[in-house]
Amino acid sequence: MGFKEVPSAIIFCLLLLFCLGCRCLASELVATQTATLKVDASPQLARKIPETLFGIFFEEINHAGAGGIWAELVSNRGFEAGGPHTPSNIDPWSIIGDDSSIFVATDRTSCFSQNIVALRMEVLCDDCPTGGVGIYNPGFWGMNIEDGKAYNLVMYVNSPETTDLTISLTSSDGLQNLASATVTVSGASNWTKLEQKLVAKGTNRTSRLQITCNKKGVVWFDQVSLMPEDTYKGHGFRTELISMLLDLKPRFLRFPGGCFVEGDWLRNAFRWRESIGPWEERPGHFGDVWHYWTDDGLGYYEFLQLAEDLGAAPIWVFNNGVSHNDEVDTAAIAPFVKDVLDSLEFARGSANSTWGSVRASMGHPEPFPVKYVAIGNEDCGKKFYRGNYLKFYNAIRQAYPDIQMISNCDGSSKPLDHPADLYDFHVYTDSKTLFNMRTTFDRTSRSGPKAFVSEYAVWRSDAGRGSLLASLAEAAFLTGLEKNSDIVQMASYAPLFVNDNDQTWNPDAIVFNSWQHYGTPSYWMQTLFRESSGAMIHPITISSGYSGSLAASAITWQDSDTSYLRIKVVNFGSDAVSLTISTSGLEASVNALGSTTTVLTSANVMDENSFSNPTKVAPVKSELSNAAEQMQVTLAPHSFNTFDLALAQSKLVAEM
């Protein structure tokens, strides 16, 4: 018998296909890793997490407050942003008409001594164009005016002759009229407060407020405010943005910064006493670190009110006489110390005290429970910081012994050289580094002050504007903080907000414009930690050759009448994981009915959310039908997973 010779080209192709097939098979074999997670839920090994562990940090950055959560629609409402010298720039105010029909300039004739600049409008025309001439304000990149909603206008005016003004809400080009009213200015040459409610007859997302006149004459304006009527609890905050904060269940609110507190120069630092009292009398200031003007309608009082509205403990970060570029010598710091003591009396003093009475006059006779203060922000290395710190520390300890004071100096790797109740720990880094930092506090001494991780985030190249990858590293880092919550007292992400029109710092937790908003993956990640504060944490162990890509924690928490064992697992790697979860020590049986699993993942590790797709990367919750003390689950590549095991009645009762 014979055989037919096979051409060498065919043999080569067959061998190539065989090799490719083996390679595919091999990749399938290694694509799924295996791991075992053991949870010891016995009560004797459990430890209570501080009630304060996870909260939020608000800084006036990215127009987070002005043009953000503070609902004021008029930008530069007091005409002070151009500075005290007149004539000055009135931006973003603009003129309706031309120089033959109207002349507009600032002068120093306001009735308010702390913000003396006013706007003088002289109408030159006898036969003015249809609709009149005047001024308009586009707000912060356009005002969101919605059909059927009411907007409250307040402004101060002065005119030597009786004049009718038309107040309108229009489209950005002035062609669509959404609401309009006529108000009369008496000709008494006295400053008069005018108030007018405007109800919109249409919706426009980029509207403007305009004030026009058809009569020749002169009118002065100052402190022109337009507020939506439907702010959160009537306290001046944008309801939909506050709702995002409430969903985080924050246990504390750190405010108002950040570098905003310091200023590039002390002359531009946040001054609490200039941000309280009637809004018309607040001078406002230029935040020279983040480069924009704030009218300070969102001031010290409003921050305290916000903390109360959120059910969060207020943490007041104050300037300690140090900015980015200048410092007050410790020998001259006494006036700054007194200023801070006054701020605490404003918050905590009785309604009969000097500063407590000011708070009471603003509508809050009961004290605000300020029990935490941070002495400066990121100032540890400054020349006069330690000397100034001790002056503040000693004065506050004497006046308010219960207040917990936070140092800017990091005590995680070595003891502090000064007294403190807590110390600040800030970290902004790449995702791999932050993932590996989940064990940072494992090595921290258990004696001495507690850690306050008041600013953490993944940023720069692998963060984008808020990527899945960033949120996974942050989640892993937070599991480490949970495990080390005997020494870590508090933690908050930063920054919290960004107005899409002012992306000074990226990424951020919540992105918004005048009418839209969404949470980044880092925001959604934090929602999966909102039950951790005050929960019981349990020891865990992970066994796997892939454990370097895994991070986990386990807590028990209570929701209404049901207790849950929540197991959180981050798979930071690119392989799926077949995970065996083994739980021991439970005092109650696991009830599959009511047990759930939630996963945060996406097709691409760099995926982000957007206005057009706000939940592209968001938690997906489903029933956990196989919930049990021993169970098998699969972790998708690059995913953050939670398993909430509903705990039924005790085992003893179940066996009876």
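Residues numbered from 1 in each chain as written. Predicted model: local features only at pLDDT ≥ 70, side-chain atom pairs only at ≥ 80, totals over all residues. Heavy atoms only, no water.

Per an unreviewed UniProt entry, the protein goes by the name non-reducing end alpha-L-arabinofuranosidase and belongs to Digitaria exilis. Entered under Subcellular location (unreviewed entry) in the UniProt record, the comment concerning the protein runs "Secreted, Extracellular space, Extracellular matrix". (UniProt positions renumbered as here; feature names shortened; annotations may be inferred.)

**Student:** Tell me about the domain arrangement of the protein, and name the residues and values.
**Tutor:** Structurally, the protein comprises domain 1 (33-52 + 535-647) and domain 2 (94-228). Just the C-alpha atoms count here: the centres of domain 1 and domain 2 sit 57 Å apart. (Domains from an automatic or database assignment.)

**Student:** If you had to explain the confidence of the model for the protein to someone new, which residues and values would you point to?
**Tutor:** Per-residue confidence for the protein gives a mean pLDDT of 94, with 94% of residues at or over 70. Confidence drops under pLDDT 50 across residues 1-6; counting only partners more than four residues distant or on other chains, this segment forms one contact. Long-range and interchain partners of residues 9-30, a stretch whose pLDDT sits below 50, account for two contacts in this model, where long-range means more than four residues apart. (pLDDT = per-residue confidence, 0-100. Contact = heavy atoms within 4.5 Å.)

**Student:** Report on helix α9 (residues 468-483), specifying residues and quantitative values.
**Tutor:** Between its terminal C-alpha atoms α9 stretches 23 Å, which fits the 22 Å expected from 16 residues at 1.5 Å a residue. Extensive coverage of α9 is indicated by the burial of 15 of its 16 residues. (Helix = DSSP H or I, 4+ residues; strand = E, 2+ residues; numbered from the N terminus. Expected span 1.5 Å × (residues − 1). Buried < 20%, exposed > 50% of the residue type's maximum accessible area, 1.4 Å probe, protein only.)

**Student:** A description of the state of the cysteines should follow, citing residues and the corresponding values.
**Tutor:** In a disulfide, the sulfur atoms of two cysteines are covalently bonded to one another. Evaluation of the coordinates by the stated rule reveals two disulfides. One disulfide bridge connects Cys125 with Cys128, the sulfur atoms lying 2.0 Å from each other. The sign of the S-S torsion, about 90 degrees, decides the handedness of the disulfide formed by Cys125 and Cys128: right-handed. Here Cys125 matches Cys128 in class, with each residue buried. (Disulfide = S-S within 2.5 Å.)

**Student:** Mind laying out the sheet that holds strand β6 (residues 118-123), listing which residues take part and the relevant values?
**Tutor:** If you trace the five strands from one edge of the open sheet to the other, you get β5-β6-β14-β9-β12, paired in antiparallel fashion. In this open sheet, the two edge strands, each paired with only one partner strand, are β5 (102-107) and β12 (192-199). Taken over all neighbouring pairs, the strand axes of this sheet differ in orientation by 30 degrees on average, direction set aside. Where β5 lies against β6, six bridges are found, and the strand directions are antiparallel. Directly across from Ala105, in β6, lies its bridge partner Arg120. (Pairing = 2+ DSSP bridges. Axes fitted to C-alpha atoms, helices over the stretch in contact; angles between N-to-C directions.)

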